[in-house]
Amino acid sequence: MTRDKALVVFSGGQDSTTCLFWALKKFREVHTVTFAYGQKHSIETEAARKIAEKAGVDFHLADMGRIASVGKNSLTDSTIVMDSEKPEGGVPNTFVPGRNLFFLAFAAVYAREMGIFDLVTGVSQTDFSGYPDCRDSFIKSMNVTLNLAMDEQFVIHTPLMWLDKAGTWALADRLGVLDLVRNETVTCYNGVPGEGCGHCPSCRLRKAGLEKYLADRKSYMESFVPADCKSAGI
């Protein structure tokens, strides 16, 4: 089993794009898989395709539309008004139940067929929207499950797990793709590229992180080197 190839779970948003370019530094060969799951902001799949082409990596679009047919959420159901804040004692209705569970399971099966056993995903527990499937405990559990289910030794890499959004911007800058991430990704839940709509929870989180980073950019660039960056020679 070689460990010089990776598959990036790639949405075309800020986090997964940063992870893509992180993976390009760490692995000799990088592939991407993007999911169409009935999301209202489906423009992100086209953004993912264009960014993958620009990065010179393989792009695969997988249809996971059935996710939208089970579990009510405001990202796939236009009749539900999107939560602007995380509700007390629960998760926001932008949470798509099982999304990362399904994505990682599919990605592992797809990767295995190409002889790839390193998966990269942009989930973060530090600066997130309260989604349970972004937690480190879930990723570790999923990693064990995949290995047991297929009798393989997958490794799920989460370069952003302990970074806040400012840290994610700093990593993109260190990787030399700050402008690309800022202008060409689609993070907005309303499907507005780049800076986004400015109102949805995803846009507000992204903007606050960027402002925090830019306010102290020099300090970040001089001192900010996450552990995963050191191992990737970044």
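See above for the structure.
Described in the following lines is the structure provided in the data block. Computed from a predicted structure; not experimentally measured.

## A look at the state of the cysteines
Linking two cysteines covalently through their sulfur atoms gives a disulfide. Scanning the entire structure with this criterion turns up 0 disulfides. A disulfide-free cysteine, cysteine 197 has its sulfur positioned 3.6 Å from the sulfur of cysteine 188, the nearest such atom.

## Here we look at the sheet that holds strand E5 (residues 155-157)
Spatially, 5 strands are ordered E3-E2-E1-E4-E5 in an open sheet, and the strand pairing comes out parallel. If you trace the sheet from one side to the other, it starts and ends with strand E3 (58-63) and E5, each paired once. Geometrically, the sheet is characterised by an average inter-axis angle of 25° between neighbouring strands, direction not taken into account. When strand E1 (residues 5-9) meets strand E4 (residues 118-120), the two strands line up parallel, connected through 2 bridges. In the strand pairing of E4, valine 8 is matched with valine 120. Across the face of the sheet, helix H3 (residues 99-113) comes into contact with E1, strand E2 (29-36), E3, E4 and E5 while running at roughly 150° to E1.

## Observations concerning the packing of helix H1 (residues 14-26) against helix H5 (residues 165-174)
Where H1 contacts H5, the axes come no closer than 10 Å and their chain directions differ by 40°. In terms of their interaxial angle, H1 and H5 are classed as oblique. Crossing of H1 against H5: the hand is left-handed. Contacts from Gln14, Asp15 and Thr18 in H1 reach Lys165, Thr168, Trp169, Leu171 and Ala172 in H5. The residue inventory of the contact of H1 with H5, partitioned by class, reads 3 nonpolar, 3 polar and 2 charged.

## Describing the packing of aromatic side chains
Tallied over the entire structure, the rule returns 7 aromatic pairs. Here phenylalanine 35 and phenylalanine 103 contribute two aromatic rings whose centre-to-centre distance is 4.1 Å and whose plane-to-plane angle is 10°, an arrangement assigned as stacked. Placement of phenylalanine 35 in strand E2 and of phenylalanine 103 in helix H3 is noted, with a sequence separation of 68 residues between them. For phenylalanine 35, a relative accessible area of 4% puts it in the buried group. The exposure class assigned to phenylalanine 103 is buried, which follows from its relative accessible area of 8%.

## Some points on the environment of valine 57
Along the polypeptide, valine 57 turns up in the loop between helix H2 (43-55) and E3. For valine 57, a relative accessible area of 11% corresponds to the buried category. For the pair formed by valine 57 and histidine 31, sequence separation is 26 residues and the distance between their alpha carbons is 5.7 Å. Not counting chain neighbours up to four residues away, the residues in contact with valine 57 comprise Leu20, Leu24, Val30, Thr32 and Ala52.

## A look at H5
For H5, the tally of buried residues reaches 9 of 10 residues, placing the bulk of the element in the interior. Turning to H5, its buried residues are Lys165, Ala166, Gly167, Thr168, Trp169, Ala170, Leu171, Ala172 and Asp173. N-cap assignment for H5: the residue whose side-chain oxygen lies 3.2 Å from the backbone N of alanine 166 is aspartate 164.

## Let's talk about the nonpolar core
Leu20, Phe21 and Val120 are the most contacted members of the largest nonpolar core, which totals 32 residues. Those elements giving two or more residues to this core turn out to be E1, H1, H2, H5, helix H6 (178-184) and helix H7 (201-215). Beyond its immediate chain neighbours, meaning those up to four positions away, phenylalanine 21 contacts Ile51, Ala55, Leu175, Val177 and Leu180.

## Thoughts on the pattern of salt bridges
Using the criterion set out here, one finds 12 salt bridges in the structure. For aspartate 4, the salt bridge goes to arginine 28, with nearest N and O atoms at 2.8 Å. Of this pair, aspartate 4 sits in the segment before E1 while arginine 28 sits in the loop between H1 and E2, placing them 24 residues apart in sequence. Its relative accessible area of 25% is what places aspartate 4 among the partly exposed residues. Glutamate 195 is the salt-bridge partner of arginine 182, the closest N and O atoms lying 3.0 Å from each other. With arginine 182 in helix H6 and glutamate 195 in the loop between H6 and H7, the pair connects residues that are 13 residues apart, well separated along the chain. Salt bridges here are not isolated pairs; linked through shared partners, they connect Asp4, Arg28 and Glu29.

Conventions used here
Residues numbered from 1 in each chain as written. Predicted model: local features only at pLDDT ≥ 70, side-chain atom pairs only at ≥ 80, totals over all residues. Heavy atoms only, no water. Disulfide = S-S within 2.5 Å. Pairing = 2+ DSSP bridges. Helix = DSSP H or I, 4+ residues; strand = E, 2+ residues; numbered from the N terminus. Axes fitted to C-alpha atoms, helices over the stretch in contact; angles between N-to-C directions. Contact = heavy atoms within 4.5 Å. Parallel < 35°, antiparallel > 145°, perpendicular 65-115°, else oblique. Left-handed = near helix turned anticlockwise from the far one by under 90°. Nonpolar A, V, L, I, M, F, W, Y, C, P; charged D, E, K, R; others polar. Phe/Tyr/Trp six-rings, centres within 6.5 Å; stacked < 30°, edge-to-face > 60°. Buried < 20%, exposed > 50% of the residue type's maximum accessible area, 1.4 Å probe, protein only. Polar contact = N/O pair within 3.5 Å; in protein donor to acceptor, adjacent residues only side chain to side chain. Core = buried A, V, L, I, M, F, W, Y, C linked by side-chain atoms within 4.5 Å. Salt bridge = Lys/Arg side-chain N within 4 Å of Asp/Glu carboxyl O.

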